[in-house]
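# Working through the structure, step by step
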Amino acid sequence: MAITFKVLKEDEQTSARIGELTTKHGTFQTPIFMPVGTKATVKTLENKEIEEASDGLILGNTYHLWLQPGDDIIKKQGGIRGFMKWNHALLTDSGGFQVFSLSNIRKITESGVEFRHHKSGEKLFMGPEDSIRIQNNLGADIIMSFDECPPFHADYEYMKDSVERTLRWAKRGKMAHQNKEEQALFGIIQGGPYKDLRLHSAKETIALDFPGYAIGGLSVGESKAEMYQVLQELEGVLPADKPIYLMGVGTPDDILEAVSRGIDMFDCVNPTRLARHGSAMTSVGRIAIKNKKFEDDHSPLDPNCDCKVCTTYTKSYLRHLFKGEEYLGPRLVSYHNLYFLKTFMHDIRHAIEENQFEAFKKTFLEKYYQ
């Protein structure tokens, strides 16, 4: 088996749970947040810093690594792990999100997706077999089925056709998967805001018997209420003995709401993207470190954080780095934001262990979004 998963503790009031996910390159407690390393790098950070600011499971992006430097080159160097010298676990997406994000330069057919290179304009093609072959070459512990990530508010008929095509692609991808003992292939649930399509997608994807399942097509422009409604409709539907991954979601309120509905795994570019614009995630809410009020502020970024940024530097110094356009500023805040989420997930697991998840959720949200 490429992975194993077992539930260690279930919350008494919600569907929140603590799980243990074991891969070939590490064992991890869930719920877990996974930093995004799109191009075999978590932006601005070196591996030692990623180790310190994560639980050791990170993402790579199939589409971008396929284009640059190419999956064959990466395979020759031992996959992403050997290429970037990362000694821990990895997950790769399938390229399905780029079907959404690059909608102006792609065409969907039954065979797969015809892209135009976003820089050169070169014609490209990726189908489910291609996506799996590329991910086999990249060598991540967990890989994803190739899917279409449609706009959340696409009309019903379009969404119905999209769901059926994604199911056909899932079957083709599973047949193409060549490395089942080393890499766990997850199925992806789609269906937008339509309950019957979501449940149909879940039922048919479960029937394919994947070792884990992802919920896709969220965090793509819908309201928070709409996201939570979808999660509620899927609560208890997906197999309880397998890990459930909510793709592309990473704000504290969304994580808490999703955990309460049984989600185990999260990823998002949000913490590092915010950091590059000078926004820090702290125990008392987000801080825009460029604000003038921090010019002579000698306090740490977050008084309740024990990361090396908060125990070393002042808000005044961090503001100076950003105002001076020094690269160190985004590096330090990226490190802190990821460390903050690592600690946040640890606190969530502790609260579930103590049967205090709902109380923790209420207190955290009151402080963070005051």
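Please refer to the structure higher up on the page.
Quick caveat: nothing in here was measured; it's all calculated off a predicted structure. (Residues numbered from 1 in each chain as written. Predicted model: local features only at pLDDT ≥ 70, side-chain atom pairs only at ≥ 80, totals over all residues. Heavy atoms only, no water.)

Attention now moves to the nonpolar core. Formed by 90 residues in total, the largest nonpolar core has its most connected members in Ile215, Leu246, Ile255, Phe266, Phe344 and Ile348. Look past the residues within four positions of isoleucine 348 in its chain and what remains in contact with it is Pro31, Ile255, Leu256, Val259, Phe357 and Phe360. Counting residues in hydrophobic clusters, the runner-up holds 21 residues, among them Val36, Leu91, Ile142 and Met144. (Core = buried A, V, L, I, M, F, W, Y, C linked by side-chain atoms within 4.5 Å. Buried < 20%, exposed > 50% of the residue type's maximum accessible area, 1.4 Å probe, protein only. Contact = heavy atoms within 4.5 Å.)

With that out of the way, let us pick up the sheet that holds strand β6 (residues 89-92). Spatial strand order, β4-β14-β13-β12-β11-β10-β6-β5: eight strands in an open sheet with parallel pairing. The open sheet terminates on both sides in strands that have one partner only, identified here as β4 (32-35) and β5 (57-60). Neighbour-to-neighbour, the strand axes of this sheet turn through a mean angle of 25 degrees, independent of strand direction. Two elements, strand β11 (residues 184-189) and strand β12 (residues 213-215), share three bridges in a ladder whose sense is parallel. Paired with glycine 187 across the bridge in β12 is tyrosine 213. Sheet contacts for helix α8 (residues 195-207): β11 and β12; angle to β11, the most-contacted strand, approximately 155 degrees. Across the sheet, helix α13 (residues 328-353) is in contact with β4 and β14 (265-268); its angle to β4 comes to roughly 160 degrees. (Pairing = 2+ DSSP bridges. Helix = DSSP H or I, 4+ residues; strand = E, 2+ residues; numbered from the N terminus. Axes fitted to C-alpha atoms, helices over the stretch in contact; angles between N-to-C directions.)

The terminal C-alpha atoms of helix α7 (residues 156-176) lie 30 Å apart, and with 21 residues this matches the ideal 30 Å at 1.5 Å per residue to within 8%. The complete set of buried residues in α7 reads Met159, Ser162, Val163, Arg165, Thr166, Leu167, Trp169, Ala170, Gly173 and Ala176. Summarising the contacts, the buried residues of α7 are in contact with β7 (106-108), β8 (113-116), α6 (128-138), β11 and α8. Taking the backbone nitrogen of glutamate 157 as reference, a side-chain oxygen 3.2 Å away marks aspartate 155 as the first, capping residue of α7. (Expected span 1.5 Å × (residues − 1). Polar contact = N/O pair within 3.5 Å; in protein donor to acceptor, adjacent residues only side chain to side chain.)

So, on to the sheet that holds β7. Pairing is antiparallel across the open sheet formed by three strands, whose spatial order is β7-β8-β9. Two strands bound the open sheet, and with one partner strand each, they are β7 and β9 (123-126). In this sheet, adjacent strand axes meet at a mean angle of 20 degrees when their direction is disregarded. Summarising the sheet, β8 and β9 pair through four bridges and their orientation is antiparallel. Bridging from a neighbouring strand, phenylalanine 115 pairs with leucine 124 of β9.

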